[in-house]
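Geometric and topological summary
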Amino acid sequence: MSYLALFKSLPTRAYNRYRNLPFYGKLFLWLWILFEICLVIALVIITPSRVAQFSYDYAEKLARSRFGWFTIGFLIVCVSFPPLPGHTTLTTLCGYAWGVPDGFYIAAPASVLGSTLVFTVLRLGFQKRLQHFYKGNEKWQALETVIAAKGLPLIILIRMSALPPWTYSNAFFSSIGSVGLWQFIIATFFVFPKIFLQVYIGSRLAALSDGEQRGAMDTRTKIINGLLIGAGITIAVFASGLVYKLVQKQIRTLSGIPPEIDELAAEAIEDSEEAPLLTSNTRV
């Protein structure tokens, strides 16, 4: 799938994912959207500089509090369970409040712990549902075959790719019987560069949010910080997209496996929102 085709398919994917959410998942999503709208309105009314200063001051209090690191770590674990959003926001907040490298030391272990819990809970709690799903889904059977043949390198590539996103990726891998827990944990370690980049972006945002630090910067330094933030976001987006393309290429060109199996497996990755543990319409 080309970048253009992938971009065009995003609205349909988003709608399908929303449609497959349970009632409380949809309710949470709409509450989250309402919250984001309120934030934008508050930003316009209060002015960005005052909001940024307030955010920075609160982040500083959080970083100085005794259990601030535990609170953020706990939230990262919670949002690792689908369909909860917010993993990128929280890892960026780690950088915003604690900077580099301390923010990374909070975000990375919490991400591994959260994803491991999701994998274990879903794998152990929904074995019958998985077995039922496999019997009637050729794409998933093909994906099982391909991952079993390619092993850990392919698992790592899929884990690093843009699709599926973090919280859905956790459930996605728990849905694949040929993926072992140890393989999943090792593959998760390869997401650390992305997490570090998010933490770094947060640290640069913090420097621009504090009036005292911002006032001590000359125009050149402010521009450099802004460019670093933009470059970090751009690198994250393009790197994830590049890895996703590599995943598709690797799956479609596997030797020793019939081309039709490779194609079905690639389609299973593209349709990852239909994973059995991400939908509510699979009957056991």
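Everything quoted here is computed from the prediction, not taken from an experiment.

A few words now on the packing of aromatic side chains. Using the criterion set out here, one finds eight aromatic pairs in the structure. For the pair Phe119 and Phe184, a centre-to-centre distance of 4.8 Å together with 20 degrees between the ring planes defines the contact as stacked. Residue Phe119 is found in helix α6 (residues 102–125), and its partner Phe184 is found in helix α11 (residues 181–189); the two are separated by 65 residues along the sequence. For Phe184, a relative accessible area of 0% translates into the label buried. Every member of this aromatic cluster is reached through a ring pair, and the members are Phe104, Tyr105, Phe189, Phe192 and Phe196. Seen from the ring of Trp166, Arg159 lies directly overhead, with NZ or CZ sitting 4.3 Å from the centre.

For the rest of this paragraph, the subject is the environment of Tyr105. Within the secondary structure layout, Tyr105 lies in helix α6. Taking relative accessible area as the criterion, Tyr105 reaches 56% and is therefore assigned exposed. Taking the C-alpha atoms as reference, Tyr105 lies 9.8 Å from Val199; in sequence the two are 94 residues apart.

Here we take up the confidence of the model for the chain. Chain-level statistics for the chain give a pLDDT mean of 75 and a share of 66% at 70 or above. Of all secondary-structure elements in the chain, the lowest mean pLDDT belongs to helix α15 (residues 259–270), at 59, while helix α4 (residues 68–78) reaches the highest, 93.

Let us look at the nonpolar core. Counting 23 residues, the largest nonpolar core has Ile76 and Ile195 as the members making the most contacts within it. Elements that contribute at least two residues to this core include exactly α3 (48–64), α4, α5 (87–98), α6 and α12 (192–209). A total of six residues in this core trace back to one element, the largest contributor, which is α6. By size, the runner-up hydrophobic cluster in this structure holds 14 residues, among which are Ile155, Ile158, Phe173 and Ala187.

Our focus in this paragraph is the layout of surface pockets. Each pocket or cavity is described by its volume, and for the second largest pocket that value is around 1,200 Å³. Considering the residues around the second largest pocket, the lining is formed by 34 residues, among which Phe35, Leu39, Ser55, Thr89 and Leu93 are closest to the centre. Where the lining of the second largest pocket is concerned, the elements lending two or more residues are α2 (23–46), α3, α4, α5, α12 and α14 (219–252). Among the elements that take part in the lining of the second largest pocket, α2 stands out by supplying nine residues, more than any other. Split by residue class, the lining of the second largest pocket holds 26 nonpolar, six polar and two charged.

Here we take up the side chain of Arg159. Mapping Arg159 onto the fold places it in helix α9 (residues 152–160). A polar contact is formed between the side chain of Arg159 and the side chain of Thr188, at a distance of 3.3 Å. For Arg159, the residues in contact, after removing those within four places along its chain, are Ser115, Trp166, Ser169, Asn170, Phe173, Phe184, Ala187, Thr188 and Val191.

On to the side chain of Thr91. Mapped onto the secondary structure, Thr91 falls in helix α5. In this structure Thr91 comes out as buried when scored by relative accessible area, which is 0%. Within polar-contact distance, the side chain of Thr91 engages the side chain of Gln198 at 2.7 Å. Those residues in contact with Thr91 that lie beyond four places of it in its chain are Ile76, Ala107, Ser111, Ile195, Gln198 and Val199.

Turning next to the pattern of salt bridges. Enumeration over the complete set of coordinates arrives at one salt bridge. Between Glu60 and Arg64 there is a salt bridge whose closest N-O contact spans 3.6 Å. In this pair, Glu60 and Arg64 both sit in helix α3, four residues apart, roughly one turn of the helix.

The next point concerns the UniProt feature "transmembrane region" (unreviewed entry) in the chain. This chain's UniProt record puts "transmembrane region" (unreviewed entry) on residues 27–46, 67–84, 104–126, 147–168, 180–202 and 223–244. From the first C-alpha to the last, residues 180–202 spans 33 Å; its make-up is 87% helix and 0% strand.

The interhelical angle for the contact between α9 and helix α10 (residues 166–174), taken along N-to-C directions, is 150 degrees, at an axis separation of 10 Å. Relative to α10, the element α9 is oriented roughly antiparallel. For the pair formed by α9 and α10, the contact residues are Ile155, Ile158 and Arg159 on the first element and Trp166, Ser169, Asn170, Phe172 and Phe173 on the second. In terms of residue class, the contact of α9 with α10 is built from five nonpolar, two polar and one charged.

Thresholds applied
Residues numbered from 1 in each chain as written. Predicted model: local features only at pLDDT ≥ 70, side-chain atom pairs only at ≥ 80, totals over all residues. Heavy atoms only, no water. Phe/Tyr/Trp six-rings, centres within 6.5 Å; stacked < 30°, edge-to-face > 60°. Helix = DSSP H or I, 4+ residues; strand = E, 2+ residues; numbered from the N terminus. Buried < 20%, exposed > 50% of the residue type's maximum accessible area, 1.4 Å probe, protein only. Lys NZ or Arg CZ within 6 Å of the ring centre and 35° of its normal. pLDDT = per-residue confidence, 0-100. Core = buried A, V, L, I, M, F, W, Y, C linked by side-chain atoms within 4.5 Å. 1 Å grid on protein atoms, 1.4 Å probe; cavity = no way out; pocket = protein on both sides within 12 Å on 5 of 7 lines; lining within 4 Å. Points joined across faces, edges and corners; volume = space filled by probe spheres on them. Nonpolar A, V, L, I, M, F, W, Y, C, P; charged D, E, K, R; others polar. Polar contact = N/O pair within 3.5 Å; in protein donor to acceptor, adjacent residues only side chain to side chain. Contact = heavy atoms within 4.5 Å. Salt bridge = Lys/Arg side-chain N within 4 Å of Asp/Glu carboxyl O. UniProt positions renumbered as here; feature names shortened; annotations may be inferred. Axes fitted to C-alpha atoms, helices over the stretch in contact; angles between N-to-C directions. Parallel < 35°, antiparallel > 145°, perpendicular 65-115°, else oblique.

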